[in-house]
Amino acid sequence: EGMQDATQGFDFDMVIVGASFAGAACAIAAAQRGLRVCVLERKRDPGDKLRTTGIIVKEAAERTLLHRLPAPITRRIESVRLYAPSLKQVALAAPGYYFLTTDTPAAMRWLAGHLREHGVDLRLGCAFTDAQRIDGGWQVQGAGSTRYLVGADGARSRVAKRCGLGEVRQFLYGIEYEFPGAKLADPDALHCFISKRYAPGYIGWLAQNPGGVQAGLALRHDPANARVPDIDGFLLRVGVAGGLPRHLKPGHTRAGLIPCSGPVAGMARGNAILTGDAAGIVSPVTAGGIYAAWDHGWAVGRAIASHLRDNGPQPEQAAIDAAPRFRAKRALRWAYDRLQFDWPFDLLLHSPPLRWAAEQVYFHKRRSESAQSPGLRVRQRS
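Read on for an overview of the structure.

Thresholds applied
Residues numbered from 1 in each chain as written. Predicted model: local features only at pLDDT ≥ 70, side-chain atom pairs only at ≥ 80, totals over all residues. Heavy atoms only, no water. Helix = DSSP H or I, 4+ residues; strand = E, 2+ residues; numbered from the N terminus. Rg over C-alpha atoms; globule rule 2.2 N^0.38 Å. Buried < 20%, exposed > 50% of the residue type's maximum accessible area, 1.4 Å probe, protein only. Areas by Shrake-Rupley, 256 points an atom, 1.4 Å probe, with all protein chains shown as cover. Salt bridge = Lys/Arg side-chain N within 4 Å of Asp/Glu carboxyl O. Core = buried A, V, L, I, M, F, W, Y, C linked by side-chain atoms within 4.5 Å. Contact = heavy atoms within 4.5 Å. Disulfide = S-S within 2.5 Å.

## Some points on the overall build of the chain
Move 1: Counting its regular elements, the chain contains 12 helices and 18 strands.
Move 2: By the compact-globule yardstick of 21 Å for 382 residues, the chain fits well, its C-alpha radius of gyration being 21 Å.
Move 3: Reported as C-alpha extents along the three principal axes, the dimensions of the chain are approximately 65 × 45 × 40 Å.
Move 4: Relative to its 382 residues, the chain shows a buried fraction of 57%.
Move 5: Carbon and sulfur atoms make up 52% of the accessible area of the chain, which totals about 16,500 Å².

Below you can see the structure in the form of C-alpha cells.
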C-alpha cells in the first residue's frame, strides 16, 4: 500500500539513462523488487560503438550476475606480463586470481536480453534529451513521468547537466583496436606496457579475447592540450615484444573518455542519482570500472526499491554512501600524474617493491584475501 501511494500517478518508478553495466545492474536490482523500470539507450544495437574494454575481474565474474555470461563469449586470463619502457618484462600471477576478456558486443547484447527477461522496459535507439522536475519526481522526454531519474550515461553525463548534479572533471582518453581472428604468442596473459612517451598517466595493453586480440592505449587527458593516443606508433614499438602478429589491420575501434578522479561530489539529490562513469565510479589508477559500476548500480537500484516498497531511507544518501572512495588510488593517481618517469621502471622492474605494488594493482590481493568475510561490500573497475 505504501508503495502504491508513493508511485501512483507516475508512469515509472525509475527511468535509467544508459544500458551498460551500471545502468543494467540498477535496473535489474529494482525490477527484482517489483519496481516499474524504464531504460533509455541511445544505441539501437547495444553492442555498437562501445567504450569499454569488456575485461571483467574475478570479483565481478563471481559475485554478480555476470557469472551467467555464456562461456563462448568469455576467455579466462590468469596472469599479467608487465613491460617496462625498455620492453623488459616480468610475469605476475596470484593463485586463484583471473580476468575474463569478453566478446564485448555479444556481452552487451546478452545484458540487454537479461534486462527484458526481468521485465524492464528497454527502449533502444532512444536518447535522453530533456527532463523537467515535477512534484515528487521527473517528467522525462521520451519516457514519461518517474519517481527517480538515474544517470548511467557515461563520463559526459547529460543527466548530470540537466539535473544540476556533479560532473566528472578529470579524465584519461583511451583508444582500442580489435584484431578479429588474431592470436598472441602468449594468449594466456594480459600484456601491460608502461611508457611515458606513448601513455603518460596510464598504460598500453594487449589481450586475447574470444574472437581475436584487443590492443589499447590510454593517456591523461588535458583539455588545454588535447592529444589523441598514438596507438599506431605504440603498436609498432611493442607489437612484436607482446607477441602481436605483424601487418594486421584493425577491425573495430573503440575510443572515449575515462573518469580518473574518483566519485563526483553531488552525485545525488532531488530524486536524481548518478552511477557508473557518470558518477566517477572508476578506479583512478587502473581505470577499471565494471565491477565497481555494477556494484554501485545494484546498490542504487536496491536503495530506491527499499525506499518505495519498504519506506526505507532516502536513496540519494544511500547512493553517496555506496560509492567507493578510492582514497589510496587517488593518491597514487596524483603521484603518477606528476612523478612518472621511464627510468625507474626500467631499473626496478624485477625488484620486490615494484612487484608487490603491481600485484596490489592487478590482483587486488587484499580484497581477495578478505573475500570470504561475510557481508563484504564490494570495480573492480577496480
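## Details of the pattern of salt bridges
Move 1: One pass over the structure, following the stated rule, counts 11 salt bridges.
Move 2: Among the salt bridges present, the one from Asp121 reaches Arg123, with a minimum N-O distance of 3.0 Å.
Move 3: You can call Arg123 partly exposed: its relative accessible area is 25%.
Move 4: The partner of Glu178 in a salt bridge is Arg254, and the shortest N-O contact between them spans 2.6 Å.

## A closer look at unusual backbone geometry
Move 1: Phi at Leu87 is positive, roughly 75°, even though this residue is not glycine.
Move 2: Structurally, Leu87 can be placed in the loop between strand E5 (79-83) and strand E6 (89-92).
Move 3: At Asn271, a residue that is not glycine, the phi angle is positive and equals roughly 65°.
Move 4: Note on Asn271: relative accessible area 16%, which makes it buried.

## Structural notes on the nonpolar core
One recurring pattern in soluble globular proteins: nonpolar side chains tend to sit buried together.
Move 1: Counting residues in hydrophobic clusters, the biggest one holds 109 residues, and the most contacted among them are Leu66, Leu82, Phe99, Leu149 and Tyr362.
Move 2: Sequence-distant contacts of Tyr362, defined by excluding residues within four places in its chain, comprise Val80, Leu82, Leu92, Tyr97, Phe99, Cys192 and Ile203.

## Observations concerning the state of the cysteines
Move 1: Across all of its chains, the model carries zero disulfides by this definition.
Move 2: Left unpaired, Cys126 is separated from the closest cysteine sulfur, that of Cys38, by 7.1 Å.

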